[in-house]
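Secondary and tertiary structure notes
Now for the letters of each chain:
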Amino acid sequence: MYRLSKLSHAQRTFFLAATASILGSMIFSENNTLATKMEKGQLHYKDPNAIFNKLTSEDNLYFKRGKPQYPGHVPLFLHEKILMVLGSSIGSYFHPERNEFIVGLGESTAISPVLRSLQTQMLSDPVGRQLLRERPRITSTSLNLEYLRLLPENSIGNTYIKWLDREGVSPDTRVPVRFIEDEELAYIYQRYRECHDFYHAVTGLPIIIEGEIAVKVFEFMNIGIPMSGLGALFAPLRLKRSQKERLYNIYYPWAFRSGLNSKPLINVYWENILTKDVNEFRAEMGIEQPPDLRNLRKEYFEKLKKAKKV
Amino acid sequence: MFGAVRRLATAAASAQVSRLQDVVIVGGGPAGLSLLAALKSSHKTRHLKCTLVEGGSLDNIRTFGEDPPENYTNRVVSLTPQSVEFMQERIGSWQYINQDRIKFYSSIVAYDSQEKDARIQFDASMTDGNGVLAVMCENINIQSLLLSRIDEIGDSTILDNTKVLDIVHPNKPEINHDLTAEPQTTSPGLDWPIVQLSNGESIQTRLLVGADGYNSPVRKFSGIESRGWQYGRFGVVATIKLQYEDYRSIGWQRFLTTGPLAILPLTEDNATIVWSSTPELSDILLKVTPEIFVHLVNAAMTLDEVDLNYIYGVLKKDPTDTSVLEEIEWRMSKIKLSELEEKYPLPVSEVIDKSRARFPLKMSHADTYVAPRVALIGDAAHTIHPLAGQGLNMGQSDVAGLVEALEKGVERGMDIGSTLVLESYVSNTWPANSMLLGVCDKLHKIFSTDFYPLVLLRGIGMKSLNMLDVVKDLMVKSMAR
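These figures come from a predicted structure and were not determined experimentally.

1. As for the overall build of chain A
Assigned secondary structure in chain A consists of 16 helices and zero strands. If one aligns the C-alpha atoms of chain A with their principal axes, the spans along those axes are about 85 × 55 × 30 Å. Across the 310 residues of chain A, 38% fall into the buried class. Counted over contacts in chain A with a minimum sequence separation of 6, partners at least 24 positions apart contribute 66%. Total accessible area on chain A stands at roughly 18,500 Å², and carbon and sulfur atoms take up 60% of it.

Here it is in structure tokens:
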């Protein structure tokens, strides 16, 4: 092969092109393609089911778009998924307030190995299996808010509704999953999305950007969805110095500790434990409560005001 | 008068005398019976005086021959075409086989439980030969055909229900300086081992063959060490019925982390399973109700390990818990029906009563197969993991090797018990057996791990081997030869 480098550029080009065309014509010659077809049984026999089975397992999914596995599924090619990751990561960095970027980033980075290991985690736990079988969904109608207000003070349901009132939000119907391949994995991702508010409620973190980042880190350490990890890495870069300090010194260590030490949050059947005492729940799961973020911010702003006055 | 007294004394002494034989085979399993039949069928060794000693009763084998039971017994083996040929040509016993109870099958599919696409299919239906990969045959069927052949030839002694009490080296003879004494029938110069039996007889033999299983007393007598290890696994066997007859005649084997589970076809809708499992799992398998067992086998061939481990956990607490049936149904519903039909075995519908049993798995190999006047064949020489179904076939190839060595010895007029004759048996069979034992051991070790990089590597290995039809055909041909 080193003799190739001794040839001139033109000779080299000619040589390589000639080799490529000869080998190509040998491999893709008519005889060989006919032989491949015969091996597959497509040469002499006409498959009467061909009209009905548009996509068989033999087909290469790199060239043919797959079939939708569940209602709302949009099957993507590999290059489309990669573009989605790139586009939504840039978009969500500069415009985190726009939901479609966060949604897109989450779904495109939740690759099969991650969701499969979550599935394995759920399948090894009896409550997780119950979740996968019954497939409960949390929507604004499935949770009766009036009923939650009537629940005792320290119950999970009451904590949740109090948090919703404090932040001034309603349990919004989360965007349905569209880009994840397998239907069970799509449900797992949907469940993760819908339980996000419960994680806020149980830890008491508000919906301001710092709070969201802290919850995301907590989720990442416990559940392992890649988007939350990406958020933890890149989102603080856009914050003010005081916010960054608070995050890095207080909330990140809390999130790492709490996320790693607590039991898997994905296996919690929230709808069934609404009347449970929240402190008992936290103790069972091993969740620490972080310092109240809104109070910390209030104190900080008061200090600033005093300093300016003085 | 002195003469009379002396004659009485020698008569009393000769009551201790042993019968002389050329070959004594200890053990009436397939290996021992096969050796006896082969020796008597071969015209070179047919004149040798042989005795076979078996501790258990061979009556149930004879009654099997005359009146076989309705259901298959649970000890079934897969005979390679080589073993069949040996039985047909050299022994001539294949004509006695109960044809209704054997199944020729032409392909085997082995797949992995950790990687969905990793599978190998060996298909012999297209090769010349008669499109047969192996034959499923009950152990007792094989023993019965060998026994029929032995009975047909006659001229050998079979002592069943006779245990070997002891095997001794003959004492050094006292030199009797009285030249007028009666000569002793047991010639004092013989170094032939004496086998003392429970029926009071003792036999002194030129060659002692040990075909008496893993804890072979013959091997202990010969001082040959056997090295190996216990796998810490039990092989659970059972006879089952499939939902309907599988016309494809395929053997299926799934490599689980506990050990492989194989479903091998028998005639009509019967099949036999061999499941290498951990002690706790084999306990569960023997304790669950037949209904749960059937669905557990189906689940073990199709579901993921995580589901199986969950089910084992539930059954460990309560072996009669039927909630696992719903779990199995739910998880099976996730697999597409077309895939289920194509890629997985036919579902099992029932298990024959009382056919579930377990035996411990181990690997062992004797340092050598021969010692002066002793030869070892079958399980006495080697035991193997059942994942490739080669144990009995190795025994048959041992017999073939030993018979060849003895024939050569007889042709050259040598003493068949001497190591000069027996060494060629060892050199022909020991290396091949060692290789097979090693390969099966490594396969077992590779497939019982769930360490992800190894899983990936073995998946790649299986997929690439599956694509190379040339290599697979070579492997099939080397087994069929």
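Past the structure itself, the notes keep going.
2. Some thoughts on the overall build of chain B
Scanning chain B for helices and strands turns up 15 helices and 20 strands. Here the C-alpha atoms of chain B give a radius of gyration of 26 Å, agreeing with the 23 Å that 2.2 N^0.38 yields for 481 residues. Projecting the C-alpha coordinates of chain B onto the three principal axes gives extents of approximately 100 × 50 × 45 Å. Counting across all 481 residues of chain B, residues that qualify as buried make up 52%. Of the contacts formed within chain B by residues at least 6 apart in sequence, a portion of 79% connects residues at least 24 apart. The distance from the centre of the 46 positive side-chain charges to the centre of the 59 negative ones in chain B is 4 Å.

3. Let's talk about the packing of helix H2 (residues 30–41) of chain B against helix H12 (residues 391–411) of chain B
Residues and elements named next belong to chain B. Orientation of H2 relative to H12, taken along the N-to-C sense of each, is 30°, at an axis distance of 9 Å. As the angle between them shows, H2 and H12 are arranged roughly parallel. The way H2 lies across H12 gives a crossing that is right-handed. Contacts between H2 and H12 involve Pro 30, Ala 31, Ser 34, Leu 35, Ala 38 and Leu 39 from the former and Leu 392, Gln 396, Val 399, Leu 402, Val 403 and Leu 406 from the latter. By residue class, the composition of the contact of H2 with H12 is ten nonpolar, two polar and no charged.

4. Digging into the domain arrangement of chain B
Residue and element names in this part refer to chain B. For chain B, the assigned domains are domain 1 (2–73 + 140–225 + 367–440) and domain 2 (228–359). Listed as interface residues are seven residues of domain 1 and, on the opposing side, eleven residues of domain 2. Both sides together, the interface formed by domain 1 and domain 2 hides about 840 Å², and carbon and sulfur atoms give 61% of it. Its largest share of buried area at the contact with domain 2, domain 1 owes to Tyr 72, His 385 and Leu 387, together 65% of the area lost on that side. Classifying every residue of the side of domain 1 that touches domain 2 gives four nonpolar, three polar and no charged.

5. Let's talk about the nonpolar core
Leu35(B), Leu79(B), Ile377(B) and Leu402(B) are the most contacted members of the largest nonpolar core, which has 69 residues in total. For Leu35(B), the contacting residues outside a window of four places in its chain are Ile25(B), Val209(B), Ile377(B), Val399(B), Leu402(B) and Val403(B).

6. Digging into the pairing of strand E1 (residues 19–26) of chain B
Each regular strand displays side chains that alternate between the two surfaces of the sheet. Judged by how many residues are buried, E1(B) sits mostly within the fold: six of eight residues are covered. Regarding topology, H2(B) serves as the crossover connection from E1(B) to the parallel strand E2 (residues 50–54) of chain B, and that connection is right-handed.

7. So, the side chain of Thr267(B)
Residue and element names in this part refer to chain B. As for its placement among the helices and strands, Thr 267 is situated in the loop between strand E14 (260–265) and strand E15 (270–277). By relative accessible area, which is 19% here, Thr 267 ends up buried. Sequence-distant contacts of Thr 267, that is, excluding residues within four places in its chain, are made with Tyr 72, Asp 100, Ile 102 and Lys 103.

8. A look at the confidence of the model for chain A
Residues with a pLDDT of 70 or more make up 95% of chain A, whose mean pLDDT is 86. Per-element confidence in chain A ranges from a low mean pLDDT of 73 for helix H1 (residues 3–6) of chain A to a high of 93 for helix H7 (residues 126–134) of chain A.

9. Focus on the UniProt feature "binding site: Zn(2+)" (unreviewed entry) in chain A
All names here are of chain A. In the UniProt entry, the feature "binding site: Zn(2+)" (unreviewed entry) is given for His 196, Asp 197, His 200 and Glu 212. Spatial clustering of the annotated residues is evident: they stretch over 17 residues in sequence, but the largest pairwise C-alpha distance comes to 10.2 Å. Structurally, Asp 197 can be placed in helix H11 (residues 196–203). Under the relative-accessibility criterion, Asp 197 is labelled buried at 8%. Assignment of secondary structure puts His 200 in helix H11.

10. A look at the interface of chain B and chain A
With eight residues of chain B in contact, the opposing surface of chain A contributes twelve residues. Both sides together, the interface formed by chain B and chain A hides about 930 Å², and carbon and sulfur atoms give 49% of it. Looking at the side of chain B facing chain A, the largest losses of area belong to Val306(B), Tyr310(B) and Trp330(B), adding up to 54% of the total buried there. The interface formed by chain B and chain A includes six salt bridges. We note a salt bridge from Arg133(A) to Glu327(B), for which the minimum N-O separation is 2.9 Å. Run the count over chain B and chain A and you get four residue pairs in polar contact (both at pLDDT 80 or more). The element best represented in the side of chain B that touches chain A is helix H10 (residues 323–332) of chain B, accounting for four residues. Its residues placed into classes, the side of chain B that touches chain A shows three nonpolar, no polar and five charged.

11. Things to note about helix H14 (residues 241–261) of chain A
All names here are of chain A. End to end, H14 covers 29 Å across 21 residues, agreeing with the expected 30 Å (1.5 Å per residue, within 8%). Approximately 40° is the largest bend angle found in H14, and it occurs at Tyr 248. If you check which residues of H14 are buried, you get Ser 242, Gln 243, Arg 246, Leu 247, Tyr 251, Tyr 252, Trp 254, Ala 255, Ser 258 and Gly 259. Buried residues along H14 sit against H11, helix H12 (209–222), helix H13 (226–234) and helix H16 (293–309).

12. A word on the pattern of salt bridges
Tallied over the entire structure, the rule returns 45 salt bridges over all chains. The closest approach of N and O atoms between Arg191(A) and Glu271(A), which form a salt bridge, is 3.2 Å. Taken together, the residues span a long stretch of sequence, with Arg191(A) in helix H10 (residues 183–194) and Glu271(A) in the loop between H14 and helix H15 (278–285) at a distance of 80 residues. We classify Arg191(A) as buried; its relative accessible area is 1%. Look at Glu271(A) and you get partly exposed, because its relative accessible area is 23%. The partner of Arg62(B) in a salt bridge is Asp151(B), with the nearest N and O atoms 3.4 Å apart.

13. Some details on the sheet that holds strand E7 (residues 134–138) of chain B
Hydrogen bonding along the main chain pairs the strands of a sheet, whether they run parallel or antiparallel. All names here are of chain B. Taken in spatial order, the three strands line up as E3-E7-E4 in an open sheet, and their pairing is antiparallel. Since the sheet does not close on itself, it has two edges, and those belong to strand E3 (76–79) and strand E4 (103–105), each with one partner. When the angles between neighbouring strand axes are averaged without regard to direction, this sheet yields 25°. Direction of pairing for E3 relative to E7: antiparallel, over a ladder of four bridges. Within E7, the position partnered with Val 77 by the bridge is Cys 137.

14. Let's talk about the confidence of the model for chain B
All names here are of chain B. In this model, chain B carries a mean pLDDT of 88, and residues with pLDDT of at least 70 account for 92%. Within chain B, the element-level pLDDT minimum falls on helix H1 (residues 2–14), averaging 46, and the maximum on strand E19 (residues 374–376), averaging 95. In the predicted structure, residues 8–15 sits below a pLDDT of 50 and forms one contact with residues beyond four places in sequence or in another chain. Interface scoring of the predicted complex returns ipTM 0.80; its pTM is 0.83.

Each value, and the rule that gives it
- Residues numbered from 1 in each chain as written.
- Chains lettered and ligands numbered in written order.
- Predicted model: local features only at pLDDT ≥ 70, side-chain atom pairs only at ≥ 80, totals over all residues.
- Heavy atoms only, no water.
- Helix = DSSP H or I, 4+ residues; strand = E, 2+ residues; numbered from the N terminus.
- Buried < 20%, exposed > 50% of the residue type's maximum accessible area, 1.4 Å probe, protein only.
- Contact = heavy atoms within 4.5 Å.
- Areas by Shrake-Rupley, 256 points an atom, 1.4 Å probe, with all protein chains shown as cover.
- Rg over C-alpha atoms; globule rule 2.2 N^0.38 Å.
- Lys, Arg positive; Asp, Glu negative; His and termini not counted.
- Charge placed at Lys NZ, Arg CZ, Asp CG, Glu CD.
- Axes fitted to C-alpha atoms, helices over the stretch in contact; angles between N-to-C directions.
- Parallel < 35°, antiparallel > 145°, perpendicular 65-115°, else oblique.
- Left-handed = near helix turned anticlockwise from the far one by under 90°.
- Nonpolar A, V, L, I, M, F, W, Y, C, P; charged D, E, K, R; others polar.
- Domains from an automatic or database assignment.
- Buried area = accessible area lost by both parts, 1.4 Å probe.
- Core = buried A, V, L, I, M, F, W, Y, C linked by side-chain atoms within 4.5 Å.
- Right-handed = clockwise from strand over helix to strand, strands pointing away.
- pLDDT = per-residue confidence, 0-100.
- UniProt positions renumbered as here; feature names shortened; annotations may be inferred.
- Salt bridge = Lys/Arg side-chain N within 4 Å of Asp/Glu carboxyl O.
- Polar contact = N/O pair within 3.5 Å; in protein donor to acceptor, adjacent residues only side chain to side chain.
- Expected span 1.5 Å × (residues − 1).
- Bend = angle between axes of the 7 residues up to and from the residue.
- Pairing = 2+ DSSP bridges.

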